[in-house]
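# Examining the three-dimensional arrangement
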Amino acid sequence: MPRQRVSESSRAGTRRGSGSTSGRSSLDRWIGQYLDHLVLVTGRATNTLLGYRRDLARYAAFCADQGIGDPRQVDSRLVGEFLGRQTRAGLSPASVARALSAVKSFHRFLLQNEICPQNPARAIRTPRLPRQLPDVLSVRQMQTLLLAPPMDDPLGVRDRAILAVLYGCGLRVSEAATLGLSDVDFPSRFLRVRGKGDRERLVPFGDVVARALTTYLRGARRDDLVDDDPGFVFLNRRGQGLSRMGLWRIVRKAALRAGVADRVSPHTFRHSFATHLVEAGADLRAVQMMLGHRSVSTTQVYTHLDRGHLRRVHQRFHPLEATPKPSNG
């Protein structure tokens, strides 16, 4: 993590201990500076920032309960007790792991800025998380779902375009919500997508997505405009950009019409996009680039293939199975 300059007054405030004229402990103040650092320097995703803010607020409250207001007073035992309290409070292993990540990162920030001589959370291991496979629809189910919104309704035209982009390009719901008109390049058939950490990537799209977008942009989208064009591809009925929750409701409504509501969320489209590509033989690195994953290890979750598919691949390509059997005559 890049180092951030901190003021001498802030260092002095830490040296004076936990008391302050504002009533805030030095631990609270450093958490505030650390969160500012995440926003201004590291470009962390919004959801990550919100999660870290909640986790560190719980951490500060726990430390205050223990009479700790100076980060230099924290040791590994205290961090372990904090994680234990989170587990006893009913947080999932994934939430506890994220809380540990936030605390580790915060104390690493203090170490790098020479506020503390060590990181008390460094040696604590992240809880082992159960590997969960994403829900995926079959190709036939996805085709039924894409056709669920009615074409005789302007909102249905929009919704078909949204579903086509989610499945055809594997976008996260936040990426679809913030997709701009200037991000759609019809001649080259690419979308410019802004993903986590504001990282940009190019994602290709095919004929089905092109037709759905063209139909929507030339008709229903114009009907939604009221005053100034906000520049987003997908608009609500008031002519404003769609929210994440608005997109979520569109997906759920289509899933109900298609009869697959119990298994569908916006992320189901992304999971299905990746899984169907991998099952069809797509290169894992290419799928990684389209999904915007930092590491190919994240993409490898989509190599979970059902046994029937594995059997068909084995029978088709293994030399002992694919070679014609010699005749007895």
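Residues numbered from 1 in each chain as written. Predicted model: local features only at pLDDT ≥ 70, side-chain atom pairs only at ≥ 80, totals over all residues. Heavy atoms only, no water.

## Structural notes on the confidence of the model for the chain
Defined as follows: What pLDDT reports is the predictor's confidence in each residue, on a scale of 0 through 100. Contacts are assigned to residue pairs that have any heavy atoms within 4.5 Å of one another.
Summary statistics for the chain give a mean pLDDT of 83 and a share of 81% for residues scoring 70 or more. This stretch, residues 1-5, has a pLDDT under 50; its non-local contacts, to residues over four places away or in other chains, come to 18 contacts. Below a pLDDT of 50 lies the segment residues 7-22, which in the model reaches 24 contacts outside its immediate sequence neighbourhood of four places, other chains included.

## Some thoughts on the packing of aromatic side chains
Quick note on the threshold: Paired rings are identified among Phe, Tyr and Trp, the last through its six-membered ring, by centres lying within 6.5 Å, and are further divided according to the angle between planes into stacked (under 30 degrees), edge-to-face (over 60) and tilted (the rest). Only DSSP runs of H or I reaching four residues or more are called helices, and only runs of E reaching two or more are called strands; each is numbered from the N terminus. Think of it in three bands: with a 1.4 Å probe and only protein chains considered, a residue is buried below 20% of the maximum accessible area for its type, exposed above 50%, and partly exposed in between.
For the structure on display, the rule yields seven aromatic pairs. Both rings, one in W30 and one in F109, keep their centres 6.3 Å apart while their planes meet at 65 degrees; by these two values the pair is edge-to-face. In this pair, W30 sits in helix α2 (residues 26-42) while F109 sits in helix α5 (residues 93-112), placing the two residues 79 residues apart along the sequence. Residue W30 is classed as buried on the basis of its relative accessible area of 2%. Overall, F109 belongs to the buried group, its relative accessible area being 0%. Here the aromatic rings of Y216 and F234 are separated by 5.8 Å at their centres, their planes lie at 25 degrees, and the arrangement is stacked. Here the residue Y216 occupies a position in helix α9 (residues 207-224), and F234 occupies one in the loop between α9 and α10 (244-258), the gap between them amounting to 18 residues. Per residue, the accessibility class of Y216 equals that of F234, and both read buried. Here the aromatic cluster, defined as three or more aromatic residues joined through ring pairs, consists of W30, Y34, F106 and F109.

## Here we look at the pattern of salt bridges
Rules: For this analysis, a salt bridge means a side-chain nitrogen from Lys or Arg found within 4 Å of a carboxyl oxygen belonging to Asp or Glu.
By the definition in use, this model includes 13 salt bridges. For the salt bridge of R58 with D55, the shortest nitrogen-to-oxygen distance reads 3.0 Å. With a gap of three residues between them, R58 and D55 both fall in helix α3 (residues 46-65), about one helical turn apart. Given a relative accessible area of 34%, R58 falls into the partly exposed group. In this structure, the salt-bridge partner of D183 is R194, at a minimum N-O distance of 3.0 Å. In this pair, D183 is assigned in the loop between α8 (173-177) and β1 (184-185) and R194 in strand β2 (residues 190-194), connecting sequence segments eleven residues apart. What makes D183 buried here is its relative accessible area of 4%. Given a relative accessible area of 34%, R194 falls into the partly exposed group. One salt-bridge network, held together by shared partners, links D183, R192, R194 and E200.

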